[in-house]
There are 2 protein chains.
Amino acid sequence: MKKSIKPLVAALAVVVSASALAQQAPAPKPETLIKWRQSVYQVLAWNSGRIKANVEGTYNKDEVIRAANSTAALANSGLGALFAPGTEQGKGWHDTTVKPELFTDGKHVGELAGNFAKEANELAKVAATGDQAAVKAQFGKLSGTCKACHDDFKKKD
Amino acid sequence: MKKSIKPLVAALAVVVSASALAQQAPAPKPETLIKWRQSVYQVLAWNSGRIKANVEGTYNKDEVIRAANSTAALANSGLGALFAPGTEQGKGWHDTTVKPELFTDGKHVGELAGNFAKEANELAKVAATGDQAAVKAQFGKLSGTCKACHDDFKKKD
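Criteria and cut-off values
- Residues numbered from 1 in each chain as written.
- Chains lettered and ligands numbered in written order.
- Predicted model: local features only at pLDDT ≥ 70, side-chain atom pairs only at ≥ 80, totals over all residues.
- Heavy atoms only, no water.
- Helix = DSSP H or I, 4+ residues; strand = E, 2+ residues; numbered from the N terminus.
- Buried < 20%, exposed > 50% of the residue type's maximum accessible area, 1.4 Å probe, protein only.
- Contact = heavy atoms within 4.5 Å.
- Patch = residues over 30% accessible without salt bridge, like charges linked within 9 Å, V, L, I, M, F, W, Y side chains within 5 Å.
- Areas by Shrake-Rupley, 256 points an atom, 1.4 Å probe, with all protein chains shown as cover.
- Salt bridge = Lys/Arg side-chain N within 4 Å of Asp/Glu carboxyl O.
- Lys, Arg positive; Asp, Glu negative; His and termini not counted.
- Charge placed at Lys NZ, Arg CZ, Asp CG, Glu CD.
- Core = buried A, V, L, I, M, F, W, Y, C linked by side-chain atoms within 4.5 Å.
- Buried area = accessible area lost by both parts, 1.4 Å probe.
- Polar contact = N/O pair within 3.5 Å; in protein donor to acceptor, adjacent residues only side chain to side chain.
- Expected span 1.5 Å × (residues − 1).
- Arc of directions from axis to C-beta.
- Least-squares fit on C-alpha atoms with pLDDT ≥ 70 in both.
- Phe/Tyr/Trp six-rings, centres within 6.5 Å; stacked < 30°, edge-to-face > 60°.
- Lys NZ or Arg CZ within 6 Å of the ring centre and 35° of its normal.

Caption draft 1: Focus on the overall build of chain A. Counting secondary structure elements, chain A contains five helices and zero strands. The linear arrangement of helices and strands in chain A, starting from the amino end, is α-α-α-α-α. Looking at chain A residue by residue over its 157 residues, the buried ones come to 33%. By sequence separation, contacts in chain A at least 24 residues apart represent 73% of the contacts at least 6 residues apart.

Caption draft 2: Structural context of a negative patch on the surface. Residue and element names in this part refer to chain B. The grouping of Glu 101, Asp 105, Glu 111 and Asp 152 at the surface amounts to a negative patch. Assignment of secondary structure puts Glu 111 in helix H4 (residues 106–129). Overall, Glu 111 belongs to the partly exposed group, its relative accessible area being 40%.

Caption draft 3: Spatial organisation of the nonpolar core. Within the largest apolar cluster, 66 residues are counted, with the highest numbers of intra-cluster contacts made by Leu82(A), Val135(A), Leu82(B) and Val135(B). Of all the secondary-structure elements, those providing two or more residues to this core are helix H2 (30–56), helix H3 (61–75), helix H4 (106–129) and helix H5 (132–153) of chain A together with helix H2 (30–56), helix H3 (61–75), H4 and helix H5 (132–153) of chain B. Setting aside residues no more than four positions away along its own chain, Val135(A) makes contact with Ile51(A), Val55(A), Tyr59(A), Val64(A), Leu123(A), Val126(A) and Ala127(A).

Caption draft 4: Examining the interface of chain B and chain A more closely. Of the residues lining the interface, 28 residues belong to chain B; the matching set on chain A comes to 28 residues. Taking both partners together, chain B and chain A bury about 2,400 Å²; carbon and sulfur atoms supply 65% of that area. Counting across the interface, chain B meets chain A through zero salt bridges. Between chain B and chain A we count four residue pairs in polar contact (both at pLDDT 80 or more) in total.

Caption draft 5: Fine view of H5(B). All names here are of chain B. Look at H5: 31 Å from first C-alpha to last across 22 residues, which is about the 32 Å you get at 1.5 Å a residue. Where H5 is concerned, the buried positions are Val 135, Gln 138, Phe 139, Leu 142, Thr 145 and Phe 153. Viewed end-on, H5 has its buried residues packed into an arc of 115°, placing them on one side of the element. What points out from H5, more than 90 degrees from its buried face, is the exposed set Ala 133, Lys 141 and Lys 147. Contacts from the buried residues of H5 go to H2, H3 and H4. Its side-chain oxygen 3.1 Å from the backbone nitrogen of Ala 133, Asp 131 forms the N-cap of H5.

Caption draft 6: Summary view of the pattern of salt bridges. Tallied over the entire structure, the rule returns nine salt bridges over all chains. Ionic pairing is found between Lys118(A) and Glu119(A), a salt bridge with its closest N-O pair at 3.2 Å. Taking relative accessible area as the criterion, Lys118(A) reaches 53% and is therefore assigned exposed. A residue is classified by how much of its surface remains accessible, and Glu119(A), at 14% relative accessible area, is buried. Residue Arg50(B) is joined to Glu63(B) by a salt bridge in which the shortest nitrogen-to-oxygen separation is 4.0 Å. On the criterion of sequence distance, the pair formed by Arg50(B) in helix H2 and Glu63(B) in helix H3 is long-range, its members being 13 residues apart. You can call Arg50(B) buried: its relative accessible area is 8%.

Caption draft 7: The arrangement of the relation of the copies chain B and chain A in detail. Superposing chain B onto chain A requires a rotation of 180° together with a translation of 0.0 Å along the rotation axis, leaving an RMSD of 0.0 Å. Look at the turn and shift together and you get a two-fold axis relating the two. Proximity to the rotation axis, assessed at the C-alpha, singles out Ser39(B) in chain B; its C-alpha lies 2.2 Å from the axis. Comparing interface residues between copies, 100% of those in chain B also lie at the interface in chain A; the contact surface is shared.

Caption draft 8: Quick peek at the packing of aromatic side chains. Per the stated rule, a full pass over the model turns up one aromatic pair over all chains. Measuring from centroid to centroid gives 5.1 Å for Trp93(A) and Trp93(B), while their planes differ by 5°, and the two rings are stacked. Pair noted here: Trp93(A) is in the loop between H3 and H4 and Trp93(B) is in the loop between H3 and H4, and the two residues belong to different chains. There is no split in this pair, since Trp93(A) and Trp93(B) are both buried. For Arg50(A), the ring lying beneath its charged end belongs to Trp46(A), and the centroid distance is 3.8 Å.

Caption draft 9: A look at the side chain of Gln42(A). Structurally, Gln42(A) can be placed in helix H2. Judged by relative accessible area, which is 18%, Gln42(A) ranks as buried.

Caption draft 10: Quick look at the environment of Glu31(B). Here Glu31(B) lies in helix H2. The contact partners of Glu31(B), leaving out residues within four places of it in the chain, are Lys91(B) and Gly92(B).

Here it is as structure tokens:
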């Protein structure tokens with residue numbers, strides 16, 4: 001390479017590098033992450049309420065499948081990213097109700113999150129059969145994993 | 001049936017009927033439905049932001065799959081139920097931004113919702129291939145269906 005064009009190449013590299021950085025979307029703010037995770041739990045509550053109403057009352061197989069699939073997809077969606085460092089405190093739709101321990105006890109959090117995903121995936125499978133009693137039993141197991149995490153990592157209202 | 005037990009049978013029927021009603025979960029309040037639908041759109045925004053960051057920057061196949069699957073499951077989850085009669089106005093997390101036309105132009109709403117689900121399901125398929133360019137193109141199509149619905153049925157901020 002000729003010496004004379006070295007500065008140009010170096011300058012271009014800087015420009016290209018700056019351009020690449022500009023293309024990267026900025027990381028979401030902590031408040032946005034908190035709002036998103038609070039939203040996820042509301043969607044889970046919607047699905048949970050629908051499944052509960054179906055197993056305790058008139059059963060609609062298709063509605064339960066939709067609610068169970070949505071729950072499983074959310075359980076598998078990488079929710080941990082919504083609990084990034086910096087989101088220990090703060091306000092999304094409302095002040096976060098997460099306990100500080102969630103950010104320090106990764107092993108236990110991972111176990112509980114794994115249980116949640118496991119039972120949610122199983123519920124999606126069972127829902128596909130349309131067996132109301134089996135869905136009710138599996139929904140009970142899934143609800144248990146929700147409660148386990150709330151007990152340990154959610155502040156009381 | 002003997003005449004004498006008719007009143008008892010009738011009374012039992014009332015009791016059973018009341019019991020069945022008591023088992024049915026009460027219908028969610030309009031404000032709750034609005035909060036849930038606003039939450040769904042926030043979760044979609046989270047997923048959309050993740051996919052955008054991946055197709056425009058460093059690509060993580062697994063993260064895109066998770067986000068695309070979650071989006072598809074939500075698109076298929078029966079969102080129409082969150083726009084039940086009685087939710088034309090009201091406050092969930094904030095005042096609803098839905099236009100009144102959404103509740104009267106069912107045919108057009110159905111078309112737009114169908115397009116959204118179609119492109120979201122296709123994105124989930126394409127995401128599974130890990131082809132960044134193909135995901136980017138399909139994500140563009142999906143985003144177009146979001147915009148189409150916002151243009152027609154979401155009040156401007």
